[in-house]
Amino acid sequence: MGNAADLVCDFVNTYDVESATDSIPSPAALTAWLGRRELIGPADTADETDVSAAVDLRESLRSALRHNHDRDQEAAPPRSFPDLALRVVLTEAGPVLEPAASGVPGGLARIAAAVMEAHAEGMWPRLKVCTESTCQWAFVDSSKNRSRSWCSMKVCGNRTKTRAYRARRQTETQPRHL
């Protein structure tokens, strides 16, 4: 498993807005996704309630990351996830958050712990979603001034700029009525 910020982005990106495809649409898919990231044990399996909790967490995170991009927009209402309980464990390396439950709820709680870890590392404000409305892909803004808007300048940035250019050109070429 990579760092906390990457895990959060990877989880948010389980739903691809552009293609409307979901990587965790079923209990089996959620089990496989969490298992590949070693967030659950090999014998753990998800059910429909877990899928619903995962989607709720994912879309709440997407909303929070959208707010990280543009602080002027209205923030999503505060959310809590009581079924994703965490506990503080004091280790030699320092305190860590660990899931209070096992299985799939524990795996989802590990994602919640990654959110807190990203915040503690100062990475939370750098987690954003692409401002291209048809994309909304989560990414880590690695720009020096934290002003990155798109997941990819070549794709989404180009789409946005081309759309704005065409709108300006259309306005300029329309006949004026006196």
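Computed from a predicted structure; not experimentally measured.

Participant: Can you break down the overall build of the protein chain residue by residue, with the values?
Facilitator: Broken down by element type, the protein chain carries five helices and six strands. Along the chain direction, N to C, the helices and strands of the protein chain fall in the order α-β-β-α-α-β-β-α-β-β-α. Counting across all 178 residues of the protein chain, residues that qualify as buried make up 35%. Only carbon and sulfur atoms are counted for the fraction: they give 53% of the accessible area of the protein chain, which is about 10900 Å².

Participant: How would you explain the pairing of strand β3 (residues 86-91) if you had to name every residue and give the values?
Facilitator: Pairing of β3 with strand β4 (residues 94-99) involves six bridges; the strand directions are antiparallel. The residue of β4 that forms the bridge with Val 89 is Val 96.

Participant: If you had to explain the pattern of salt bridges to someone new, which residues and values would you point to?
Facilitator: One pass over the structure, following the stated rule, counts six salt bridges. Notably, a salt bridge pairs Arg 37 with Asp 10, separated by 2.6 Å at the nearest N-O pair. In this pair, Arg 37 sits in the loop between α2 (27-36) and α3 (48-69) while Asp 10 sits in helix α1 (residues 4-12), placing the two residues 27 residues apart along the sequence. A residue is classified by how much of its surface remains accessible, and Asp 10, at 33% relative accessible area, is partly exposed. The residue Arg 58 makes a salt bridge to Glu 59 at a minimum N-O spacing of 2.8 Å.

Participant: Just give me the short version of α1, but keep the residues and values in it.
Facilitator: The element α1 is extensively covered by neighbouring structure, given that seven of its nine residues are classed as buried. Those residues of α1 lying buried are Ala 4, Ala 5, Leu 7, Val 8, Cys 9, Phe 11 and Val 12. One side-chain oxygen at the N-terminal end of α1 lies 3.1 Å from the backbone nitrogen of Ala 5; it belongs to Asn 3.

Participant: Account for the nonpolar core, naming residues and giving values.
Facilitator: Within the largest apolar cluster, 31 residues are counted, with the highest numbers of intra-cluster contacts made by Phe 11, Leu 34, Leu 61 and Ile 111. At the level of elements, α1, α2, α3, α4 (103-120) and β5 (127-129) are the ones that each hand at least two residues to this core. With residues near it in sequence (within four places) discarded, Leu 34 still touches Leu 39, Ile 40, Val 104, Gly 107, Leu 108 and Ile 111.

Participant: Provide a residue-level description of the packing of α2 against α4, including the pertinent values.
Facilitator: Between α2 and α4, the least distance of the axes is 11 Å, while the angle of their chain directions is 55°. One finds that α2 runs oblique with respect to α4. Regarding α2 and α4, the two cross each other, and that crossing is left-handed. Only Val 104, Gly 107, Leu 108 and Ile 111 of α4 make contact with α2, whose side of the interface consists of Leu 30, Trp 33 and Leu 34. Broken down by class, the residue content of the contact of α2 with α4 amounts to six nonpolar, one polar and no charged.

Participant: Tell me about unusual backbone geometry, residues and numbers included.
Facilitator: As a rule of thumb, non-glycine residues mostly have phi less than zero, and peptide bonds are mostly trans rather than cis. You will see that Ala 20, though not glycine, has its phi angle at about 55°, which is positive. We classify Ala 20 as exposed; its relative accessible area is 51%. Here Gln 136, not a glycine, exhibits a phi torsion of approximately 60°, which is positive.

Participant: Explain α4 residue by residue, including any values.
Facilitator: For α4, with 18 residues, the first-to-last C-alpha span of 25 Å sits near the 26 Å given by 1.5 Å per residue. Among all positions of α4, only Gly 103, Val 104, Gly 106, Gly 107, Leu 108, Ala 109, Ile 111, Ala 112, Ala 113, Ala 114, Val 115 and Ala 118 are buried. Once α4 finishes, Gly 122 follows within two positions and takes phi at roughly 80°, a positive value.

Basis of the calculations
Residues numbered from 1 in each chain as written. Predicted model: local features only at pLDDT ≥ 70, side-chain atom pairs only at ≥ 80, totals over all residues. Heavy atoms only, no water. Helix = DSSP H or I, 4+ residues; strand = E, 2+ residues; numbered from the N terminus. Buried < 20%, exposed > 50% of the residue type's maximum accessible area, 1.4 Å probe, protein only. Areas by Shrake-Rupley, 256 points an atom, 1.4 Å probe, with all protein chains shown as cover. Pairing = 2+ DSSP bridges. Salt bridge = Lys/Arg side-chain N within 4 Å of Asp/Glu carboxyl O. Polar contact = N/O pair within 3.5 Å; in protein donor to acceptor, adjacent residues only side chain to side chain. Core = buried A, V, L, I, M, F, W, Y, C linked by side-chain atoms within 4.5 Å. Contact = heavy atoms within 4.5 Å. Axes fitted to C-alpha atoms, helices over the stretch in contact; angles between N-to-C directions. Parallel < 35°, antiparallel > 145°, perpendicular 65-115°, else oblique. Left-handed = near helix turned anticlockwise from the far one by under 90°. Nonpolar A, V, L, I, M, F, W, Y, C, P; charged D, E, K, R; others polar. Expected span 1.5 Å × (residues − 1).

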